[in-house]
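# Topology and contacts: notes
In case you want the letters, here they are:
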Amino acid sequence: MKDYIKYYAGVDIGSVSIKAALVSNRRLIATKLVASGASYKDAAQKVLYSVLVQAGLDAERLSGIVVTGLGSESAPFPARQISDISCQAMGCHYLFPSARTVINIGGQFTKVAKITPQGRVVDFLMSEKCAAGSGRFLQVIARILHVTLENIGPLSLQSREPVEFSTNCAVFAESETVSRIAEGARAEDILAGVHRAMAIKVAMLVKGVKMEPDVVLMGGGGEDAGLVLAIGEALGTRILVPEQPRVSTAYGAACLAELDLAL
Amino acid sequence: MEQKEQTKTTAVKGTDMARKVRGLVKNIYRSAHEAKAQGKKVAYMMVSSQYDEIIRAMDVVPIPTENYAGLCAAKREMDRFLLKAEADGYSQVLCSYARIGLGFDSLRKELGGIPEGAPDGGMPTPDMMLGSSAVCDPRYKWFQAAGRYLDVPTYSIDVVWPPVDADLKAVRDHYIQYQKEQFQGLISFMEQQTGKKLNKERLWETIRLSDEAWRLWYEIDRMRVAIPSPMPAQDHFSVMVAGYYYPGMQEAVDFYQSLYDEVKYKVENKIGVIPDEKYRILYGGGLPPWHTLWIFNYFESFGAVFAIERQYRAYDPVEVPSSVKDPVEFLAWRSFLRATQFYEKARANSGNPTVERLLGMIDRYAIDGVVFHACRSCRATTIGQVHYKNILGRYTDIPMMQLVSDMVDLRDYSEAQWKAQIGAFIETLAGRSAR
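Everything quoted here is computed from the prediction, not taken from an experiment.

## Quick look at the overall build of chain B
- For chain B, the count of helices and strands is 18 helices and 8 strands.
- Relative to a compact globule of 435 residues, whose C-alpha radius of gyration would be 22 Å, chain B shows 21 Å and is just as compact.
- Across the 435 residues that make up chain B, the buried fraction comes to 62%.
- Expressed as a percentage of contacts within chain B between residues at least 6 apart in sequence, the contacts between residues at least 24 apart total 79%.
- Counting only carbon and sulfur atoms, one obtains 49% of the accessible surface of chain B, whose full area is about 16,900 Å².
- Once the 55 positive and 55 negative side-chain charges of chain B are each reduced to a mean point, those two points are 0 Å apart.

Below, the structure is given as structure tokens:
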């Protein structure tokens, strides 16, 4: 009976990390995430191999692969290419069937999509070619504050007086952060201020697609509890976050490989 | 979805006539250099300023500075001019057409001649500069700023139109009279500069030729409702050269007649731009990305053809009352009627003339999706796009997308972002077809 089970993989080649998900009948079986590094090809091969090893499978057992993300053209194995917005939509749909709006905050861009009850994209918007609209903004500020990415969220939740940033530009915010540190501002207040600035930008995108609940936040931004809180406040709604927000797009890609939809 | 490697900047054209436009463009600058060598007057000018026929009737050879900026971008030869203007203190948020023009003039002054390798031999030094307020304010101020590098006289006219809720009957005569006075001021200036009086018969002739060219162009676009699409938007952004840079000349009429014949043949024989047309796209507005026109072919690789566009054919033919016997008054009337031709429809429906034009195109051309291009340094064609998209959303549920870059400044463009957006847009169109 085991021989008749079909397996599908999704590989999300992002600018910061490369993720893979293995599914069967939309059930998540294995995931792997590695830093993108200098060679997308090597990293993509590595994550795919890893999920197969975790499941005890040979590559021949895969019935389909979908590759997505900014570096999807670098995939070193034969795979169908689908845009990350469609993959996010489908991943979100299977994780939260009630979702109608999906936000993905990644290393390069923030993407927002309005989706149908079937997980199809109706409308979408992307942040501009600007670091302030993406996770890169947080990386820049965290580096100055000597805070690890994992600690940004918990630390920011301790803030009592979030710093008001007078700019929405990551470059200017970097110098503004240095000024605020010199003035004695606390790291948690600076981080909470960054979250608020980002939340305002994200909320503008979400309103641009005419938000409908439920709203789901995926991507690296979903791992930052402070950012999730700020976005929820900016939108005045509850934000749902998957258990593994960074691999949700890869999971959606794997689901699309299984569905084999005409796109 | 399969994706294809793209290395070139220009687009593969759909029609033979569009492929011939390069010659027309080269001729603009060659003619200006020749005229200059022969002691004739040449003038910097702004496209779509409603004064083209006057320039031709005065036998002044126009140099369209905005077109030159687009040409530089298509040749990827714009950076040194942009950087020079910025080094001279012009902000990166100023119109990039203006920055290229100002940077070119600055370099020419500094080098004492046309910068080496400037596309199409560069622009000769003008004898006068003719600005206008039509479309945006940089077009009025640009040539005044260029006075920093060029010791030649400048004259800018005001081109006006009423707000959409104005009582047209009540304001019409005032607007036409004002516009006529603006043209008369320009004519006096040009007469002074050339030492020649305007020949009104000659002006009537240029108007006749210009209107005939635009009528043919309008008829060509009407044929583009055909499925499959006989002529794509990237061709439009080439063939516009005849309408905007050769108005009042027989060359424009001949060009559009040949294009008309070609498009008619394609329609009658069902010859499409691509073999398998799946989606028909409307280019909803924004100046074209001159630096990356192959992007239209990228859409085509997914079966999506830009069937029609709103940019660069701003008006349909209008009928000036036969009682108008003076050609300058005719130009003023025509300008007013062109600017207000969608007002009545707008007042009866969405309230916005641009939206009315887009809705009409979506309906007539069987459009599946709309793409806008937001240009960071062009407020005139970018502001309003989100608003149009929102109003359109009340009347249609077809997917719409806004790509962001600039018309000529490549620093505002991200290929990875565009490809990601286009991929998702095509999938949204496909998903909609599947529902």
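## A closer look at the domain arrangement of chain A
All names here are of chain A.
- Looking at the assigned domains, one finds that chain A contains domain 1 (1-96 + 243-263) and domain 2 (98-241).
- In this structure, domain 1 and domain 2 have C-alpha centres spaced 25 Å apart.
- Between domain 1 and domain 2, the contact holds 20 residues from the first and 26 residues from the second.
- Each partner contributes to the roughly 1,900 Å² buried at the junction of domain 1 and domain 2, and carbon and sulfur atoms together form 67% of this total.
- Contact with domain 2 buries surface across domain 1, with I85, F96 and P245 losing the most and accounting together for 34% of the total.
- Linking domain 1 to domain 2 there are 2 salt bridges.
- For the pair domain 1 and domain 2, the interface holds 6 residue pairs in polar contact (both at pLDDT 80 or more).
- If you list the elements that add at least two residues to the side of domain 1 that touches domain 2, you get α2 (84-95) and α8 (248-259).
- Among the elements that make up the side of domain 1 that touches domain 2, the one with the highest residue count is α2 (8 residues).
- Per-class residue counts for the side of domain 1 that touches domain 2 are 11 nonpolar, 6 polar and 3 charged.

## Brief notes about the side chain of E300(B)
Residue and element names in this part refer to chain B.
- Position of E300 relative to the elements: it lies in helix α12 (residues 295-300).
- On the basis of relative accessible area, E300 is assigned to the buried category, the value being 12%.
- Residues contacting E300, with those up to four places away along its chain left out, are P232, Q234, V273, I274 and V305.

## Quick word on the interface of chain A and chain B
- Taken together, the 23 residues of chain A in the interface contact 27 residues of chain B.
- Between chain A and chain B, the buried area comes to about 2,100 Å², and carbon and sulfur atoms account for 48% of it.
- Summed over the shared surface of chain A and chain B, the result is 2 salt bridges.
- Linking K389(B) and D123(A) is a salt bridge whose minimum nitrogen-to-oxygen distance equals 3.7 Å.
- On inspection of chain A and its partner chain B, the count reaches 4 residue pairs in polar contact (both at pLDDT 80 or more).
- For the side of chain A that touches chain B, the secondary structure elements donating two or more residues are β5 (80-81), α2 and β8 (121-126) of chain A.

## Here's the deal with the pattern of salt bridges
Residues and elements named next belong to chain B.
- Inspection of the entire model under this criterion finds 46 salt bridges over all chains.
- Of the charged contacts in the structure, one is a salt bridge between D137 and R379, with a shortest N-O distance of 3.4 Å. Of the two residues, D137 sits in the loop between β3 (128-132) and α7 (138-146) while R379 sits in helix α16 (residues 379-382), which places them 242 residues apart along the sequence.
- Salt-bridge contacts for E191 lead to K197; the nearest nitrogen and oxygen are separated by 3.5 Å.
- Among the residues examined, K197 registers a relative accessible area of 67% and is labelled exposed.
- The network of salt bridges with common partners includes D221, R224, E309, R313, D316 and R357.

## A look at unusual backbone geometry
- D214(A) follows P213(A) through a cis peptide bond whose omega is -5°.
- Residue placement: D214(A) occurs in the loop between α6 (187-208) and β9 (215-218).
- If you check the backbone angles, R26(A) has positive phi at about 65° while not being a glycine.
- Within the secondary structure layout, R26(A) lies in the loop between β2 (17-24) and β3 (27-35).
- Judged by its relative accessible area of 28%, R26(A) is partly exposed.
- The phi torsion at D120(B) lies on the positive side, around 55°, for a residue other than glycine.

## Considerations on the packing of aromatic side chains
All names here are of chain B.
- According to the stated counting rule, one finds 27 aromatic pairs over all chains in the structure shown.
- The interplanar angle of 65° and the centroid separation of 5.5 Å between the aromatic rings of F81 and F104 together place this pair among those described as edge-to-face. Residue F81 is found in helix α5 (residues 79-87), and its partner F104 is found in helix α6 (residues 96-111); the two are separated by 23 residues along the sequence. Across the pair, exposure class does not vary: F81 and F104 are buried alike.
- Looking at R338, its charged tip hangs above the ring of W214, at a distance of 5.4 Å from the centre.

## Notes on the sheet that holds strand β6 (residues 101-105) of chain A
Residue and element names in this part refer to chain A.
- Strand order in the open sheet made by the 5 strands is β8-β7-β6-β9-β10, with mixed pairing throughout. The two strands at the open ends of the sheet, each matched to only one other strand, are β8 and β10 (239-240).
- Relative to β9, β6 is paired through 4 bridges, and the arrangement is parallel. Within the sheet, the bridge partner assigned to T101 lies in β9 and is V215.
- Each of β6, β7 (110-115), β8 and β9 is contacted by α2, which is oriented at about 55° to β7, the strand it contacts most.

## With respect to the pairing of strand β4 (residues 62-68) of chain A
Residues and elements named next belong to chain A.
- Among the 7 residues in β4, 6 count as buried, and that is most of the element.
- In this sheet, β4 lies alongside strand β1 (residues 7-13) in parallel orientation, the contact comprising 6 bridges. In the strand pairing of β4, D12 is matched with T68.
- Pairing of β4 with β5 involves 2 bridges; the strand directions are parallel. Across the sheet, residue V66 finds its bridge partner in β5, namely R80.

## Regarding the layout of surface pockets
Residues and elements named next belong to chain B.
- In this model, the largest pocket occupies a volume close to 1,200 Å³.
- Lining the largest pocket are 46 residues; nearest its centre among them are V135, W161, R310, A314 and A380.
- Within the residue set of the lining of the largest pocket, elements represented by two or more residues are α7, α13 (327-340), α15 (353-364) and α16.
- Among the residues making up the lining of the largest pocket, the classes are represented as 28 nonpolar, 10 polar and 8 charged.

## Considerations on the packing of helix α3 (residues 135-145) of chain A against α6(A)
Residue and element names in this part refer to chain A.
- Orientation of α3 relative to α6, taken along the N-to-C sense of each, is 170°, at an axis distance of 11 Å. In terms of their interaxial angle, α3 and α6 are classed as roughly antiparallel. For the pair α3 and α6, the sense of crossing is right-handed. Across the interface between the two elements, G135, F137, L138, I141 and L145 of α3 pack against A187, I190, L191, V194, H195, A197 and M198 of α6.
- Along the lines of polarity and charge, the residues of the contact of α3 with α6 split into 10 nonpolar, 2 polar and no charged.

## Here's the deal with the sheet that holds strand β5 (residues 279-285) of chain B
Residue and element names in this part refer to chain B.
- Pairing within the open sheet is parallel, and its 4 strands lie in the order β6-β5-β7-β8. Edge positions in the sheet fall to β6 (304-309) and β8 (400-405), since each has one partner strand and no second. The average undirected angle you get between the axes of adjacent strands in this sheet is 30°.
- Sheet topology note: the β5/strand β7 (residues 369-375) ladder contains 4 bridges and is parallel. Paired with I281 across the two strands is G369, which belongs to β7.

Calculation criteria
- Residues numbered from 1 in each chain as written.
- Chains lettered and ligands numbered in written order.
- Predicted model: local features only at pLDDT ≥ 70, side-chain atom pairs only at ≥ 80, totals over all residues.
- Heavy atoms only, no water.
- Helix = DSSP H or I, 4+ residues; strand = E, 2+ residues; numbered from the N terminus.
- Rg over C-alpha atoms; globule rule 2.2 N^0.38 Å.
- Buried < 20%, exposed > 50% of the residue type's maximum accessible area, 1.4 Å probe, protein only.
- Contact = heavy atoms within 4.5 Å.
- Areas by Shrake-Rupley, 256 points an atom, 1.4 Å probe, with all protein chains shown as cover.
- Lys, Arg positive; Asp, Glu negative; His and termini not counted.
- Charge placed at Lys NZ, Arg CZ, Asp CG, Glu CD.
- Domains from an automatic or database assignment.
- Buried area = accessible area lost by both parts, 1.4 Å probe.
- Salt bridge = Lys/Arg side-chain N within 4 Å of Asp/Glu carboxyl O.
- Polar contact = N/O pair within 3.5 Å; in protein donor to acceptor, adjacent residues only side chain to side chain.
- Nonpolar A, V, L, I, M, F, W, Y, C, P; charged D, E, K, R; others polar.
- Phe/Tyr/Trp six-rings, centres within 6.5 Å; stacked < 30°, edge-to-face > 60°.
- Lys NZ or Arg CZ within 6 Å of the ring centre and 35° of its normal.
- Pairing = 2+ DSSP bridges.
- Axes fitted to C-alpha atoms, helices over the stretch in contact; angles between N-to-C directions.
- 1 Å grid on protein atoms, 1.4 Å probe; cavity = no way out; pocket = protein on both sides within 12 Å on 5 of 7 lines; lining within 4 Å.
- Points joined across faces, edges and corners; volume = space filled by probe spheres on them.
- Parallel < 35°, antiparallel > 145°, perpendicular 65-115°, else oblique.
- Left-handed = near helix turned anticlockwise from the far one by under 90°.

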